[in-house]
Amino acid sequence: MKATIAGLHHVTAIAGDPQRNLDFYVGVLGMRLVKRTVNFDDPSTYHFYFGDAVGSPATIFTFFPWPGARAGRRGKGEIEATAFSIPAASLDYWQNRLTENGIHSERAATRFGDEVLRFADPDGMTLELITSPLTEGVQPWAESRVPVEHSLRGFHSVTAALEGYERTAKLLTETFGYQLIEEVGNRFRFLAADENGPGKIIDLLCMPDGHRAESGAGSVHHIAFRARDDAEQRAWREEIAALGFNVSPVMDRTYFHSIYFREPGGVLFEIATDPPGFALDESPEELGLNLRLPPQYERARAQIEASLQPIVVPEKDGK
């Protein structure tokens, strides 16, 4: 049987101020900071990983926060919106919570039978909360400011804005094993072959008249799909290269291994391994408490720490 992609692994975006980024994703959305490290290509800036209690695949939203970064511009060739699943009875809770924290939100038209709450993060990135049945594979964080019964349940979906959708759809269906399950207007919904767990949906939004996106604060840098292990990832690399895509070598990101390529619509795709995971270098209880550096940067720890902006992680007893 041909291997198929199990769904999303993580989403990585660009932010501006690191403290503001922490205050929003931990303090308002109630996600756990499961790892604080640095950008492996630019150790003068942080790399934050937010997720559920243990950083399960398909719950992980990561950020490169560059203080003073210019704002990105939304458009085609980029992820237009990132959506999280929430329990069906939690929509009112979240709309009230966002309002209490000074964040404007709006209930969008029902999408494929699901209720959608849209809003923007402090850098202007579009986020959505979508009501959906509870799934396995998510471990709510008990120390969150958000009660467990209302907590985010991992990714629901991502929406890619593209000039045309056919070539990207072909990659998803013929190579990754996704299925086109619904369409309305210029939105096409694809579901991973393994339907269990979070992060199984990708929507393609056809925008032939839209302008090209410009990367910057408030934009998604790339999305990552899951590979079960290194052997499966190597097989994916061979298959994608055989299709004519330029695929990176395997890169060691400490907590997973990665390969990268651009899909036909211009979005940067990554395939990341599930192991070794975020408990590799600290216990589950200590996740996110200390700055972790890859081995090649340990010698420069004092210099790196001095260059990074001091941060304070919001605690549970806040609003």
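Preceding this section is the structure that the text describes.
Here is a short report on the structure shown in this document. Source: prediction; values computed, not measured.

**A word on the packing of aromatic side chains**
With the rule as written, the count across this model stands at 26 aromatic pairs. With a centroid separation of 5.7 Å and an interplanar angle of 45°, the aromatic rings of phenylalanine 64 and tryptophan 66 are classed as tilted. A relative accessible area of 9% means that phenylalanine 64 is categorised as buried. On the accessibility criterion, tryptophan 66 (27% relative accessible area) is partly exposed. These aromatic residues form a ring-pair network of at least three members: Phe24, Tyr25, Tyr46, Phe48, Phe50, Phe61, Phe63, Phe84, Phe119 and Phe155.

**With respect to the side chain of glutamate 80**
Checked against the element boundaries, glutamate 80 lands in strand S5 (residues 78–86). Judged by relative accessible area, which is 14%, glutamate 80 ranks as buried. Reaching out from glutamate 80, the side chain makes a polar contact with the side chain of arginine 118 at a distance of 3.4 Å. Not counting residues up to four positions away in its chain, the partners in contact with glutamate 80 are Arg74, Arg118, Thr126, Thr159, Ala160 and Ala161.

**A look at the sheet that holds strand S14 (residues 251–252)**
The sheet built from eight strands is open, its strands ordered S2-S3-S4-S1-S13-S16-S15-S14 with mixed pairing. The sheet is open, and its two borders are formed by strand S2 (32–39) and S14, each paired with just one other strand. Bridging between strand S15 (residues 257–262) and strand S16 (residues 268–273) involves five bridges; their strand directions are antiparallel. Bridge pairing in S16 places serine 258 opposite alanine 272. The strands touched by helix H1 (residues 18–28) are strand S1 (8–15), S2, strand S3 (42–51) and strand S4 (60–65); relative to S3, the strand with the most contacts, the crossing angle is about 5°.

**What about the pattern of salt bridges?**
The final tally for this structure, using the stated rule, is 18 salt bridges. With its nearest N and O atoms 2.7 Å apart, the salt bridge here joins glutamate 282 to lysine 35. Residue glutamate 282 is located in the loop between S16 and helix H5 (301–307), and its partner lysine 35 is located in strand S2; the two are separated by 247 residues in the primary sequence. Relative accessible area serves as the criterion here: at 6%, glutamate 282 is assigned to the buried category. Across the pair lysine 76 and glutamate 163 runs a salt bridge, and its minimum N-O distance is 3.9 Å. Pair noted here: lysine 76 is in the loop between S4 and S5 and glutamate 163 is in the loop between strand S9 (155–162) and helix H3 (166–175), with a separation of 87 residues, a long-range link. Exposure remark for lysine 76: the relative accessible area of 9% places this residue in the buried category.

**Digging into the sheet that holds S9**
Across a sheet, paired strands are connected by hydrogen bonds in the backbone, their directions being either parallel or antiparallel. Strand order across the open sheet formed by eight strands is S6-S7-S8-S5-S9-S12-S11-S10, with mixed pairing between neighbours. The open sheet has two edge strands with one neighbour each: strand S6 (105–111) and strand S10 (179–184). Sheet twist, expressed as the average angle between the axes of neighbouring strands with direction ignored, equals 25°. Summarising the sheet, S5 and S9 pair through six bridges and their orientation is antiparallel. Bridge pairing in S9 links alanine 81 to threonine 159.

**Quick look at the environment of alanine 192**
Mapped onto the elements of the fold, alanine 192 is located in the loop between strand S11 (187–191) and strand S12 (201–206). We classify alanine 192 as buried; its relative accessible area is 2%. Expressed as a C-alpha distance, the spacing of alanine 192 and methionine 125, which sit 67 residues apart in the sequence, is 25 Å. When sequence neighbours within four positions are dropped, the list of residues in contact with alanine 192 reads Ile5, Ala6, Gly7, Tyr178 and Lys200.

**What to know about empty space enclosed by the protein**
On inspection of all chains with the given rule, the structure shows one cavity of 30 Å³ or more. Computed from the structure, the largest cavity encloses a volume of approximately 130 Å³. Along its surface, the largest cavity is lined by 14 residues, and Gly30, Met31, Gly51, Asp52 and Leu152 are the ones closest to its centre. When its residues are assigned to classes, the lining of the largest cavity shows six nonpolar, six polar and two charged.

**Considering unusual backbone geometry**
Of note, the amide linkage connecting proline 275 to proline 276 takes the cis form, showing an omega dihedral of 10°. If you check the backbone angles, threonine 254 has positive phi at about 70° while not being a glycine. Its place among the elements puts threonine 254 in the loop between S14 and S15. Taking the relative accessible area as the measure of exposure, threonine 254 reaches 18% and is therefore buried.

**Remarks on the environment of leucine 289**
Looking at where leucine 289 falls in the secondary structure, it is placed in the loop between S16 and H5. With 61 residues separating them in the primary sequence, leucine 289 and arginine 228 have C-alpha atoms 27 Å apart. Leucine 289 has contacts with Arg36 and Glu282, leaving out every residue within four places of it along the chain.

**A word on helix H4 (residues 230–242)**
For H4, which comprises 13 residues, the first-to-last C-alpha distance of 18 Å matches the rise-based estimate of 18 Å (1.5 Å per residue) to within 8%. In the core, the buried residues of H4 are packed alongside H3, strand S13 (220–227), S15 and S16. Put simply, aspartate 229 is the residue that caps the front of H4, since its side-chain oxygen is 3.3 Å from the backbone nitrogen of alanine 231. Downstream of H4 by a residue or two, glycine 244 has a phi angle that is positive, lying close to 100°.

Cut-offs and rules
Residues numbered from 1 in each chain as written. Predicted model: local features only at pLDDT ≥ 70, side-chain atom pairs only at ≥ 80, totals over all residues. Heavy atoms only, no water. Phe/Tyr/Trp six-rings, centres within 6.5 Å; stacked < 30°, edge-to-face > 60°. Buried < 20%, exposed > 50% of the residue type's maximum accessible area, 1.4 Å probe, protein only. Helix = DSSP H or I, 4+ residues; strand = E, 2+ residues; numbered from the N terminus. Polar contact = N/O pair within 3.5 Å; in protein donor to acceptor, adjacent residues only side chain to side chain. Contact = heavy atoms within 4.5 Å. Pairing = 2+ DSSP bridges. Axes fitted to C-alpha atoms, helices over the stretch in contact; angles between N-to-C directions. Salt bridge = Lys/Arg side-chain N within 4 Å of Asp/Glu carboxyl O. 1 Å grid on protein atoms, 1.4 Å probe; cavity = no way out; pocket = protein on both sides within 12 Å on 5 of 7 lines; lining within 4 Å. Points joined across faces, edges and corners; volume = space filled by probe spheres on them. Nonpolar A, V, L, I, M, F, W, Y, C, P; charged D, E, K, R; others polar. Expected span 1.5 Å × (residues − 1).

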